[in-house]
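# Structural characterization, general
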Amino acid sequence: MSEADEVDRIVGAWTTQRPDLDFSPLEVLSRVDRLSRHLDRARRDVFHRSDLESWEWDVLSALRRAGAPFQLSPKQLLQQTLVSSGTMTNRIDRLVGRRLVRREADPGDGRSVLVTLTDDGKVRVDAAITRLVDAEATLLAALPRADRERLAGLLRKLSLSFDV
């Protein structure tokens, strides 16, 4: 075995205390949990440097990914960010207040609105995604590309098992 990490030490101690249990799930998911904490810290730093909150990033990045003219209906934003309609309304209001998005009448339905990314919103989200990709590449630097691709495939397989 290669170097031992903190999870190896924890699992080893538990195995000594409870040899009747299979600790292999902890070997995987405790590492995922620990890595998630590093990722959360890196993302908070990236968003802070771009003067964004993580919830702002969620909305702005959904609009940016939509492509020109960078607009979605509030319902489409709800589907992509998985928050309640009241929460989304509040978020859109706050982003309008910061001039990162604007509301526009939907030309296809005068009763509906579209949320559109402003130029300032686009600049911020583009800066944030550049920083995010760099930060996440740094977190994965210990793995060669082939290992990252294999890990991504395994995590996709696991993730899909929850999305049924």
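Residues numbered from 1 in each chain as written. Predicted model: local features only at pLDDT ≥ 70, side-chain atom pairs only at ≥ 80, totals over all residues. Heavy atoms only, no water.

Taken domain by domain, the protein chain comprises domain 1 (1–49) and domain 2 (53–163). Put simply, the middle of domain 1 and the middle of domain 2, counted by C-alpha atoms, are 28 Å apart. The interface is formed by seven residues belonging to domain 1 together with eight residues belonging to domain 2. Here domain 1 and domain 2 share an interface that buries about 810 Å² over both sides, 77% of which is from carbon and sulfur atoms. On the domain 1 side of the interface with domain 2, the three residues burying the most area are V46, F47 and R49, jointly 61% of the side's total. The salt bridge involving R43 is made with E136; its shortest N-O contact spans 2.8 Å. At the boundary of domain 1 with domain 2, the tally comes to two residue pairs in polar contact (both at pLDDT 80 or more). Looking at the side of domain 1 that touches domain 2 residue by residue, the classes come out as four nonpolar, one polar and two charged. (Domains from an automatic or database assignment. Contact = heavy atoms within 4.5 Å. Buried area = accessible area lost by both parts, 1.4 Å probe. Salt bridge = Lys/Arg side-chain N within 4 Å of Asp/Glu carboxyl O. Polar contact = N/O pair within 3.5 Å; in protein donor to acceptor, adjacent residues only side chain to side chain. Nonpolar A, V, L, I, M, F, W, Y, C, P; charged D, E, K, R; others polar.)

In this section: the sheet that holds strand 2 (residues 101–106). Reading across the sheet, the three strands line up as 1-3-2 and stay open at both edges, with antiparallel pairing between neighbours. Each edge of the open sheet carries a strand with a single partner, namely strand 1 (71–72) and strand 2. Of the pairings in the sheet, the one linking strand 1 to strand 3 (residues 109–117) comprises two bridges and is antiparallel in character. The partner of Q71 across the bridge, within strand 3, is T116. Against the sheet, helix 5 (residues 85–97) makes contact with strand 2 and strand 3, and its axis sits at roughly 115 degrees relative to strand 2, the strand it touches most. (Pairing = 2+ DSSP bridges. Helix = DSSP H or I, 4+ residues; strand = E, 2+ residues; numbered from the N terminus. Axes fitted to C-alpha atoms, helices over the stretch in contact; angles between N-to-C directions.)

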